[in-house]
Each structure stands twice: as structure tokens, then as C-alpha cells.
Amino acid sequence: MDLSFTPAEQAFRQEVASFLEKELPPATRKKVLDGLHVTPQETIQWQKILHRKGWGGPNWAKEFGGTGWDPVRQFIFEEESAAAGAPRLLPFGLKMVGPVIMRFGNEAQQQRHLPRILAADDWWCQGYSEPGSGSDLASVKTRAERQGDHYLVNGQKTWITLAQHANWIFALVRTDPSAKAQAGISFLLIDMRTPGVTVRPIIMLDEGHEVNEVWFEDVKVPVENLVGEENKGWTYAKFLLGHERTNIAGIGGSKRELARLKRIAALEQKHGRPLDQDPAFAARLATVEIELMALEITNLRVLSAEAERRAPGPEASLLKIKGTEIQQALSELMVQAVGPAALPFDPAVMDGAPPALDPAYAAPLAATYGNLRKTSIYGGSNEIQKNIITQMILGL
Amino acid sequence: MHFNLTAEQQLLSDTVGRFLAKAYAFEARHKIVKSPEGWSREIWAQLAEMGLLALQVPEAHGGMAPAVVETLLTMTALGKALVVEPYLASAVLGTALVRDLGTPAQAEALLPALAAGEKIVVPAHGERGSRHDLSRVATAAARDGKGWVLRGRKSVVIHGQAADVLVVSARTAGAVDAAAGISLFLVPRDSKGLTVTGYRTFDNQRAAEVVLDGVALPGDALLGPEGGAFPGLSAAFDLGLAAICAEAVGSLQAALDTTIEYTKTRKQFGVPIAKFQALQHRMADMLIHVEQARSMSFLAAMKAASADAGERRRAVSAAKVVVGQACRFVGQQAVQLHGGMGVTDELAVSHHFKRLMAIELSLGDTEHHLEQFVAAGAGRPA
Ligand SMILES: Cc1cc2nc3c(=O)[nH]c(=O)nc-3n(C[C@H](O)[C@H](O)[C@H](O)COP(=O)(O)OP(=O)(O)OC[C@H]3O[C@@H](n4cnc5c(N)ncnc54)[C@H](O)[C@@H]3O)c2cc1C
């Protein structure tokens with residue numbers, strides 16, 4: 001056993017850090033470090049910068065234009081990027097539909113879509129959930145009827161993250177309504193500009209617009225947009241969910257947020273002294289920091305096991321649960337750190353409007369705390385993750 | 001010992017509940033919080049008409065004080081409906097300060113108007129640097145002939161903009177964190193040098209930043225003893241704490257109720273999600289939190305006016321600790337059990353979540369009241 005990174009890995013970390021230092025646009029970086037939203041343009045711009053460097057696909061194999069990095073290098077890259085304040089790369093293309101197309105798509109689909117994901121020419125969104133199908137995803141009802149050279153799609157998807165910016169959606173649709181649950185589902189790639197596709201905003205508790213309903217009314221989707229085989233979509237969906245969870249621990253992001261919490265705690269006062277010198281607060285902060293240390297090692301253990309097995313396993317559920325609990329705890333502590341100063345609320349602040357009150361760092365904290373409740377709900381809720389652990393790991 | 005309500009108390013509770021169920025339904029509330037002022041003078045007038053603004057006003061001035069149980073029941077009903085009007089700020093805190101510290105003339109000038117809903121009086125006490133410390137006051141008042149001049153800044157003053165009169169705390173002597181040397185002043189909203197900047201809070205209430213830039217006041221603006229306002233201030237805030245704990249209970253119960261209702265109707269995997277034992281146990285834990293909070297809201301109400309300062313401190317701070325923990329657990333789990341629907345703006349549950357979070361931060365957070373409890377128990381001054 002050796003818990004240190006090899007000299008080569010350390011050199012790699014250095015390389016990533018200096019690249020970030022040079023190439024990350026300062027305005028974008030500041031927003032991320034301050035906990036504000038980056039614009040879609042900033043996200044696209046960053047992906048394009050990475051792409052020019054040949055790092056557009058950190059988790060992709062070389063043959064598809066990726067970096068070919070092993071899981072440890074991917075982890076180092078994510079950690080350094082998050083710490084430096086790089087925007088989160090859009091997972092929908094890179095981590096979700098991309099790997100599915102590589103594994104199950106045909107060559108035409110690979111050539112058409114993969115380079116455009118790397119270059120940020122397309123913005124993908126994930127069309128799985130429906131009003132009646134959240135945790136029970138296999139019950140999706142959106143119907144795709146084969147009619148000659150196209151499918152006719154009708155139905156409604158919901159909770160679709162950033163669909164308002166997307167030009168493509170990958171959707172789970174029912175192609176065989178007579179088959180039981182998982183059996184009649186197919187995986188379709190749908191151009192959002194096709195007539196009959198409508199996107200409607202859902203406003204969240206922080207008054208932000210990040211999720212949407214997506215409606216399909218007699219939408220004609222060419223049959224060549226079917227991935228793999230008809231009625232085998234569930235297999236692909238499960239493959240994808242595994243990939244979606246591999247970096248869900250969000251170690252790098254939590255380290256960045258921990259650093260923000262420490263900055264805030266040093267500036268806040270309690271009984272006339274810096275808050276970070278208050279024993280009660282320091283202990284709470286340390287407790288989360290220690291949890292994060294443990295999770296980092298657990299994460300590396302899982303990655304190392306994955307590297308040998310070549311596929312994400314059920315341990316990803318553990319990372320998801322603990323990772324989101326830490327994210328939520330950090331956001332809670334930031335609110336607690338500023339106290340009543342967290343209460344004044346202007347949703348425009350998240351999008352860069354200057355806060356009316358001092359200190360500026362307090363302005364986004366309540367919204368972020370509220371917003372991050374989502375992390376234990378999406379990507380397979382934490383209750384569903386526990387069901388996976390009990391079934392797949394504990395064998396109960 | 002008993003926990004029974006009198007027939008009149010039960011009637012009051014039912015009447016307020018019925019009124020709010022109609023006048024303050026989710027859509028109606030939405031309209032109110034989106035209105036320019038962010039609260040409704042019409043609702044306020046109706047609360048006055050029902051006698052609710054007179055609960056803390058002494059009989060001599062047309063009120064019903066002490067009305068401990070009535071205040072508790074009213075606050076719980078307001079919490080359930082997520083009422084945003086300045087009830088806690090004015091009808092409890094502001095009223096108690098004037099009542100307990102005012103001269104006969106000050107009382108006569110304000111209390112009948114408070115009871116009638118004609119005047120709003122709110123404390124402007126917290127400052128950026130004070131965090132949760134009640135005795136940390138940097139705003140200063142200097143004598144100027146027979147009068148006073150105030151300088152300083154008050155932060156997150158709940159309903160500061162709605163106030164006709166602010167009760168401003170200012171230091172007339174002593175170190176910045178000393179209990180001795182704090183004085184209170186009645187500052188009319190139109191005073192020269194006073195700037196009140198209102199805004200919305202995360203839980204859709206209203207608050208304000210208050211800047212006092214050389215506000216000149218006459219001698220009779222002093223409320224309570226010069227330099228000796230702290231005991232009265234602390235007593236009023238304990239009454240406020242008991243009230244906010246009762247408000248929390250209403251919101252906690254509503255958050256639990258809506259969660260039970262939702263899980264019974266929401267189906268996944270072919271069954272109502274309430275059938276999953278993991279969720280059943282979660283809701284059982286929520287119920288335990290709600291009931292513990294309810295018990296402590298009773299204790300706080302009964303002890304908030306206790307003459308024994310140590311007993312009062314322990315009871316009220318203990319209540320805020322239990323309530324604060326309940327606010328966090330129940331608020332978060334209510335959202336969680338609603339799944340995606342829980343994080344939208346569309347259902348009442350996220351609004352309870354936000355109010356519960358704000359309650360935890362108000363009038364001293366959980367950690368602050370833990371410290372207060374420990375300090376009181378160790379025989380040190382609270
Ligand atoms: C901010 C956000 C972004 C999202 N983005 C996307 C996206 O881009 N694309 C997409 O397709 N979907 C997306 N989702 C949807 C997300 O995947 C679902 O919300 C999630 O699967 C939960 O489904 P639900 O909301 O219907 O809740 P439900 O499934 O109704 O669950 C409600 C509660 O019941 C619990 N529960 C359900 N079943 C069980 C069980 N068997 N045992 C124990 N507890 C159970 C859940 O854990 C939860 O607490 C997003 C959701 C959110 C909140």
C-alpha cells in the first residue's frame with residue numbers, strides 16, 4: 001500500500017495547475033470561487049480552451065479524441081480544475097451520452113456527435129425523468145412509434161437540467177408498450193430544434209432557472225438516431241448512470257468550498273474575535289474537513305478498483321451519498337458562519353449583479369444552501385443509492 | 001399541571017386558523033410577497049380587528065396582556081400559514097418594549113395605536129458585528145443639550161421599512177460588548193439623518209438596513225433607563241424567542257403534514273412512496289422533532305416572563321436549541337421526501353424550508369443558545 005501519488009502523477013498535477021493558471025479566464029474563475037453562476041458562454045468557452053489543448057475529453061479514450069487518462073489522472077485533473085475555479089464541464093455530453101455513443105452507438109453516430117461534444121459545438125441535455133417516473137425510471141411513458149424511416153415521439157420529460165441552452169437531448173422512450181417495464185425502452189438522440197419540441201422553465205426554490213419540462217408532440221426523429229438496438233435502452237441507461245456517478249463525490253469542488261468557508265470564517269467575528277478561532281465553530285468545520293479527507297481516500301480506492309475492473313461498481317453509491325452530504329454540510333456551515341447576514345436575498349446576485357449589502361460573500365449563501373438540497377435528490381436520490389448498497393453490496 | 005386550553009383559547013385558535021386558511025392560502029400569500037411592500041396592510045387590519053395585535057398590550061391600554069397562551073396559539077397559526085406581516089417584530093417585540101420600558105406618556109402614545117394596528121413599532125437592534133450577541137452594540141448615542149444624537153448602523157432589521165417608529169438600541173456608556181451602558185430610543189421613521197433601505201429576505205419576509213447618520217432626538221425619545229435598557233431588552237427578546245418557537249411549531253407541523261400527504265399520493269414502483277419503510281422511519285423522526293419542539297415552545301411560553309432570570313434564560317435558550325434542530329431536520333427532510341418537487345418554488349414545502357432556516361438564524365442561532373444555556377447553568381450571568 002502506498003497512498004502517495006507517483007512522481008509522474010505529481011508532475012501531471014503540476015502541469016494541470018500551470019495550465020489552469022495560464023488559461024482560465026479570470027472573470028470566470030472569480031465567479032466560481034465566489035460561488036456564483038457562470039454563463040453558458042463561459043462554460044462553452046472553457047470547454048473550447050480545453051479542447052484546443054487536447055484536454056476536451058478528460059474521461060475519454062484516445063481513439064475518440066479524448067486524453068486517455070487513467071482514473072487517477074482524471075481525478076487529479078478534476079481536483080485541480082475545481083480548486084482553481086474552473087467551471088464544471090458539462091456532464092451531459094462528456095460523461096453521459098458520449099460514453100454511451102462510444103460503447104453502443106454506430107460509427108456514423110460516433111463521427112457525427114463525439115467531435116462536436118469535445119468542441120462544445122453541441123449542448124446536450126438528459127431526458128430521462130418524467131412526471132410519473134423519477135426514482136422509478138423504468139416506468140417512463142414517453143412513446144416512440146416507429147413509422148417507416150422515423151419515430152413519432154409523444155410525451156413529457158421533466159427536471160431537464162439546462163435544457164433551455166441545449167440543442168440535443170438524449171431520451172429514454174418507450175418503443176414497446178406491451179413489454180414489461182425495462183424491456184420496452186429505447187435510447188433516442190433528439191435534435192431539440194425539431195418541430196414539436198417545447199421547453200418550459202421550472203423555477204427552483206432559489207428562484208433560479210436550471211431545470212425544465214421538455215414536451216414532445218408528434219416529434220419526428222429519424223431512425224438513425226436510435227442508439228444500439230430497439231428496446232435495449234435500459235441497458236444503456238444503466239451503463240450511463242454508472243458513469244454519471246463516478247465523479248459525483250465532487251471531492252475537488254468540496255475542497256474549493258471548504259477553502260471558501262475558511263476564508264469566510266476568518267473574516268467573520270464572534271464575540272469580537274475571528275470566527276475561525278471560536279472552538280465550537282472550528283470543531284464543526286473540522287468535522288466536515290475530516291469527513292472530506294476520508295471520502296477522498298475512499299474515492300481513490302474506488303477509482304483504483306475501477307481501473308482494474310474497467311467499470312464503475314456499486315461503490316459509486318457510497319461516494320454519491322457521502323459526497324452530497326459533505327456538499328450540503330459545507331453550504332450549511334457557510335450560512336451559519338455569516339448568521340443573519342445570510343438572510344437578505346436578491347436572486348440576481350447569483351448571475352453577477354453586485355450585492356446591495358456588505359459583505360458581498362454573504363449574498364449567495366442562502367440561495368446556495370437551498371439549491372444544494374437537490375444533490376441528495378438527483379442522480380438517483382440518496383435513498384435509492386442506499387437501496388443499491390443494500391442490494392448490490394450487502395446482498396440483502 | 002395540565003395542557004388544556006380554555007374554551008376561549010380554543011375558539012381563538014380555531015378562528016385564526018380558519019381566517020388564515022382562507023385569506024392566506026398559498027396563492028394569496030404568493031401575491032402578498034410579490035407586492036411592492038411585500039406584506040399586506042389589509043391582512044394587518046384584519047389581524048387587528050380580531051384583537052390579535054392587542055395580545056401583548058396591557059388592559060389599561062385596551063389590550064389583553066399577558067395573554068401568554070393566546071400569543072403562543074396565534075404564533076403557531078401564523079407559522080402554519082407562513083404569514084409575513086410584522087407580527088413578531090411589532091405586535092410582540094416592539095409592543096413588549098414600549099409596554100415594559102415606556103413612560104406613561106410613551107405608552108399612551110403608542111400602545112393603543114399598536115393594538116389597533118394603526119402604528120407599527122419594531123426593534124432595530126442587531127448590527128453586522130454583533131452576530132447573535134444581544135449586548136454587543138456599537139451604535140452610539142451622545143447627549144446634545146436636552147436631547148440625543150445617534151450614529152451607527154443596524155443590520156437585517158426585520159420589517160424596518162414598515163415601521164412608523166424604530167426602537168433603536170445605542171450605547172450611551174461602556175465597552176462595545178457590555179450589557180451596562182445600552183439605551184433604547186424611539187426613532188420616528190421620518191427622522192432626519194435616518195435611512196432605511198428595505199429588501200426581501202430568503203424566506204420572503206422583509207428586512208432593512210438602518211443607517212443613523214447623526215439622528216437628533218428630543219430627550220423624551222429615550223425608552224427606559226439611560227444605560228440600563230439591557231434587562232428590558234433581554235426580557236422582550238425572550239418573549240420574542242418564545243413567540244418564534246411557537247411560530248416554528250406551526251411551520252414544522254405544516255411541513256410534516258404536507259410531506260405525509262405527498263408521500264401518500266406520490267406513487268413510484270407501483271406503490272405510494274409512503275409505503276417505503278426508509279421513508280416511514282424518516283417521517284417518524286420528523287414527528288419526534290416536531291413534538292419535542294412543541295413541548296419546548298410550551299416551556300418557553302410559560303417561562304419567558306419568569307422573574308427568575310436564570311430559569312428564564314435556561315428555558316428559553318433550551319427551547320431555541322430544540323426548535324433550531326427541528327427546523328433543520330424537518331425542513332431538510334420535508335424537501336427530500338418530496339423529491340424534485342421539493343426543490344421547486346411551486347409547493348408550500350420549500351417555503352416552509354426557507355422560513356424554518358430563517359427561524360434558526362433569528363434571535364440567536366442554535367449554537368448561540370447552547371452557549372447561553374451552558375453559561376446560565378454554570379451560574380455565570382447569561
Ligand atoms: C435540480 C435537479 C436536476 C435534475 N436534472 C435532471 C436531468 O437533467 N435529467 C433527468 O432526466 N432528470 C433530472 N432530475 C430528476 C431526478 O433524477 C429525479 O428528481 C430523481 O430521480 C427523483 O425522482 P422524483 O423527483 O420523481 O422523486 P420521487 O421518485 O418521487 O421520490 C420522492 C422521495 O421518495 C424517495 N423514494 C423513492 N423511491 C424510494 C424507494 N424505493 N425507497 C426509499 N425511498 C424512495 C426518494 O428518495 C425521494 O426522497 C433532476 C432533478 C433535480 C432536482
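Being a predicted model, the structure only gives us computed values, none of them experimental. (Residues numbered from 1 in each chain as written. Chains lettered and ligands numbered in written order. Predicted model: local features only at pLDDT ≥ 70, side-chain atom pairs only at ≥ 80, totals over all residues. Heavy atoms only, no water.)

1. Here we look at the overall build of chain B
Link 1 in the chain: Counting its regular elements, chain B contains 11 helices and 10 strands.
Link 2 in the chain: Over its C-alpha atoms chain B spans a radius of gyration of 21 Å, differing by no more than 12% from the 21 Å that the globule rule assigns to 382 residues.
Link 3 in the chain: Dimensions along the principal axes, computed over C-alpha positions, put chain B at roughly 80 × 50 × 40 Å.
Link 4 in the chain: When the accessible surface of chain B is summed, it comes to about 15,000 Å², and 58% of that surface belongs to carbon and sulfur atoms.
Link 5 in the chain: The distance from the centre of the 37 positive side-chain charges to the centre of the 37 negative ones in chain B is 5 Å. (Helix = DSSP H or I, 4+ residues; strand = E, 2+ residues; numbered from the N terminus. Rg over C-alpha atoms; globule rule 2.2 N^0.38 Å. Areas by Shrake-Rupley, 256 points an atom, 1.4 Å probe, with all protein chains shown as cover. Lys, Arg positive; Asp, Glu negative; His and termini not counted. Charge placed at Lys NZ, Arg CZ, Asp CG, Glu CD.)

2. Details of the environment of Met341(B)
Link 1 in the chain: Within the fold, Met341(B) resides in the loop between α9 (309–337) and α10 (348–361).
Link 2 in the chain: For the pair Met341(B) and Ala48(B), spaced 293 residues apart in the sequence, the C-alpha separation amounts to 36 Å.
Link 3 in the chain: Aside from chain neighbours lying at most four places away, what touches Met341(B) is Trp159(A), Tyr262(B), Glu346(B) and Leu347(B). (Contact = heavy atoms within 4.5 Å.)

3. Considering the pattern of salt bridges
Link 1 in the chain: Tallying each qualifying case throughout the model produces 42 salt bridges over all chains.
Link 2 in the chain: Across the pair Glu247(B) and Arg355(B) runs a salt bridge whose closest N-O atoms are separated by 2.7 Å. One end of the pair, Glu247(B), is in helix α7 (residues 230–265); the other, Arg355(B), is in helix α10, with 108 residues separating them in the sequence.
Link 3 in the chain: Among the ionic contacts, a cluster of salt bridges with common partners joins Arg13(A), Glu79(A), Glu80(A), Lys255(A) and Glu296(A). (Salt bridge = Lys/Arg side-chain N within 4 Å of Asp/Glu carboxyl O.)

4. Thoughts on the interface of chain B and chain A
Link 1 in the chain: Counting residues at the interface gives 42 residues for chain B, matched by 52 residues for chain A.
Link 2 in the chain: Of the roughly 4,000 Å² buried between chain B and chain A, counting both surfaces, carbon and sulfur atoms make up 54%.
Link 3 in the chain: Contact with chain A buries surface across chain B, with Arg128(B), Arg131(B) and Phe202(B) losing the most and accounting together for 19% of the total.
Link 4 in the chain: Between Glu332(A) and Arg328(B) there is a salt bridge; the shortest N-O distance is 2.4 Å.
Link 5 in the chain: Remark: the boundary between chain B and chain A carries 27 residue pairs in polar contact (both at pLDDT 80 or more).
Link 6 in the chain: Residue assignment for the side of chain B that touches chain A shows that the elements contributing at least two residues are β6 (194–200), β9 (267–268), α8 (277–303), α9, α10 and α11 (366–377) of chain B.
Link 7 in the chain: If you tally residues by element for the side of chain B that touches chain A, the top one is α10(B), at 6 residues.
Link 8 in the chain: Class assignment of the residues belonging to the side of chain B that touches chain A gives a composition of 12 nonpolar, 13 polar and 17 charged. (Buried area = accessible area lost by both parts, 1.4 Å probe. Polar contact = N/O pair within 3.5 Å; in protein donor to acceptor, adjacent residues only side chain to side chain. Nonpolar A, V, L, I, M, F, W, Y, C, P; charged D, E, K, R; others polar.)

5. As for the site of the ligand
Link 1 in the chain: Looking at the ligand, there are 29 residues lining it, with Ser135(A), Thr161(A), Ser381(A), Glu383(A) and Arg266(B) nearest.
Link 2 in the chain: Gln126(A) places a polar main-chain atom, nitrogen or oxygen, 2.8 Å from a nitrogen atom of the ligand.
Link 3 in the chain: Summarising the interface, the protein chains cover 94% of the accessible area of the ligand, which totals 970 Å² for the free molecule.
Link 4 in the chain: Every element with two or more residues in the shell around the ligand is listed here: α12 (382–393) of chain A together with α9 of chain B. (Near = heavy atom within 4 Å.)

6. Considerations on the packing of aromatic side chains
Aromatic rings in a pair are described by how distant their centres are and how their planes are angled relative to each other.
Residues and elements named next belong to chain B.
Link 1 in the chain: Applying the stated criterion across every chain, the model contains 18 aromatic pairs over all chains.
Link 2 in the chain: Residues Trp 148 and Phe 185 carry aromatic rings whose centres are separated by 5.2 Å and whose planes lie at 65° to one another, so their mutual orientation is edge-to-face. Separated by 37 residues along the polypeptide, Trp 148 in strand β3 (residues 147–158) and Phe 185 in strand β5 (residues 182–188) bring together distant segments of the chain.
Link 3 in the chain: On the basis of relative accessibility, which here comes to 0%, the residue Phe 185 falls in the buried class.
Link 4 in the chain: Between the aromatic rings of Phe 269 and Phe 276, the centroid separation amounts to 6.1 Å while the plane-to-plane angle is 80°, which identifies the pairing as edge-to-face. (Phe/Tyr/Trp six-rings, centres within 6.5 Å; stacked < 30°, edge-to-face > 60°. Buried < 20%, exposed > 50% of the residue type's maximum accessible area, 1.4 Å probe, protein only.)

7. Details of the side chain of Glu79(A)
Residues and elements named next belong to chain A.
Link 1 in the chain: Mapping Glu 79 onto the fold places it in helix α4 (residues 71–84).
Link 2 in the chain: By relative accessible area, Glu 79 is classed as buried at 6%.
Link 3 in the chain: Polar side-chain contacts of Glu 79 include one of 2.3 Å to the side chain of Lys 255.
Link 4 in the chain: Apart from the residues lying within four places of it in its own chain, the contact partners of Glu 79 are Arg 13, Ile 251, Gly 252, Lys 255 and Glu 296.

8. Digging into the nonpolar core
Link 1 in the chain: Ranked by size, the top nonpolar core spans 108 residues in total, and within it Leu20(B), Tyr87(B), Leu150(B), Leu166(B), Phe185(B) and Val187(B) carry the most contacts.
Link 2 in the chain: Looking at which element gives the most residues to this core, the answer is α7(B), with 15 residues.
Link 3 in the chain: Non-local contacts of Val187(B), meaning those with residues more than four positions away in its chain, are made with Leu150(B), Asp164(B), Val165(B), Leu166(B), Val168(B), Leu194(B), Val215(B) and Leu217(B).
Link 4 in the chain: Within the second largest apolar cluster, 97 residues are counted, among which are Leu89(A), Met96(A), Phe170(A) and Leu330(A). (Core = buried A, V, L, I, M, F, W, Y, C linked by side-chain atoms within 4.5 Å.)

9. Describing a nonpolar patch on the surface
Residues and elements named next belong to chain A.
Link 1 in the chain: A cluster of nonpolar residues, Met 392, Ile 393, Leu 394 and Leu 396, forms a patch on the protein surface that exposes about 460 Å² of accessible area.
Link 2 in the chain: Mapped onto the fold, Leu 396 is located in the segment after α12.
Link 3 in the chain: The class of Leu 396 is exposed, set by a relative accessible area of 73%. (Patch = residues over 30% accessible without salt bridge, like charges linked within 9 Å, V, L, I, M, F, W, Y side chains within 5 Å.)

10. Section: the domain arrangement of chain B
Residues and elements named next belong to chain B.
Link 1 in the chain: Under the domain assignment used here, chain B contains domain 1 (7–119), domain 2 (122–227) and domain 3 (231–377).
Link 2 in the chain: For domain 1 versus domain 3, the separation of C-alpha centres amounts to 21 Å.
Link 3 in the chain: Contact residues are listed per partner, giving 18 residues for domain 1 and 25 residues for domain 3.
Link 4 in the chain: In total, domain 1 and domain 3 occlude about 1,800 Å² of area from one another, counting both sides; carbon and sulfur atoms represent 80% of this.
Link 5 in the chain: On the domain 1 side of the interface with domain 3, the three residues burying the most area are Phe 26, Leu 72 and Leu 82, jointly 28% of the side's total.
Link 6 in the chain: In this structure, the connection of domain 1 to domain 3 is made through 0 salt bridges.
Link 7 in the chain: Here the residues of the side of domain 1 that touches domain 3 are counted per class, giving 12 nonpolar, 3 polar and 3 charged. (Domains from an automatic or database assignment.)

11. Section: helix α4 (residues 68–81) of chain B
Residue and element names in this part refer to chain B.
Link 1 in the chain: Given a rise of 1.5 Å per residue, 14 residues ought to cover 20 Å, and the 20 Å separating the end C-alpha atoms of α4 matches this to within 8%.
Link 2 in the chain: By the criterion of burial, α4 is predominantly enclosed, with 11 of the 14 residues buried.
Link 3 in the chain: Looking at α4, one finds that the buried residues are Val 69, Glu 70, Thr 71, Leu 72, Leu 73, Thr 74, Met 75, Ala 77, Leu 78, Gly 79 and Ala 81. (Expected span 1.5 Å × (residues − 1).)

12. A few points about the domain arrangement of chain A
Link 1 in the chain: Split by domain assignment, chain A resolves into domain 1 (7–89), domain 2 (124–231) and domain 3 (249–393).
Link 2 in the chain: Taking the mean C-alpha position of each, domain 1 of chain A and domain 2 of chain A sit 30 Å from one another.

13. Some points on the pairing of strand β4 (residues 165–171) of chain B
All names here are of chain B.
Link 1 in the chain: Counting buried residues along β4, 7 of its 7 residues qualify, which places the element largely inside the surrounding structure.
Link 2 in the chain: Here β4 shows no split at all, with Val 165, Val 167, Ser 169 and Arg 171 on one side and Leu 166, Val 168 and Ala 170 on the other all buried.
Link 3 in the chain: When strand β1 (residues 121–124) meets β4, the two strands line up parallel, connected through 4 bridges. The residue bridging Pro 123 from the neighbouring strand is Val 167, located in β4. (Pairing = 2+ DSSP bridges.)

14. Points about unusual backbone geometry
All names here are of chain A.
Link 1 in the chain: Omega for the bond connecting Asp 358 with Pro 359 falls within 30 degrees of zero, at -10°, which places this linkage in the cis form.
Link 2 in the chain: Mapped onto the fold, Pro 359 is located in the loop between α10 (315–338) and α11 (365–371).
Link 3 in the chain: One non-glycine residue, Asn 231, adopts positive backbone phi at about 70°.
Link 4 in the chain: Mapped onto the secondary structure, Asn 231 falls in the loop between β8 (226–227) and α7 (233–246).

15. Topic: the confidence of the model for chain B
Link 1 in the chain: Looking at chain B, the pLDDT average stands at 97 and 99% of residues meet or exceed 70.
Link 2 in the chain: Taken over the whole predicted complex, pTM reads 0.97, whereas the ipTM for its chain interfaces reads 0.97. (pLDDT = per-residue confidence, 0-100.)

16. With respect to the pairing of β3(B)
Walk down a regular strand and you will see the side chains alternate between the two sheet faces.
Residue and element names in this part refer to chain B.
Link 1 in the chain: One ladder, built from 5 bridges, connects strand β2 (residues 140–144) with β3; its direction is antiparallel. For Asp 144, the partnering residue across the bridge sits in β3 and is Gly 147.
Link 2 in the chain: Between β2 and β3, which pair antiparallel and follow one another directly, the connecting turn spans 2 residues, one of which, Gly 145, has a positive phi of 60°.
Link 3 in the chain: Both β3 and strand β7 (residues 206–217) contribute to a ladder of 9 bridges, which runs antiparallel. Considered in β7, the bridge of Ile 158 is made with Ala 207.

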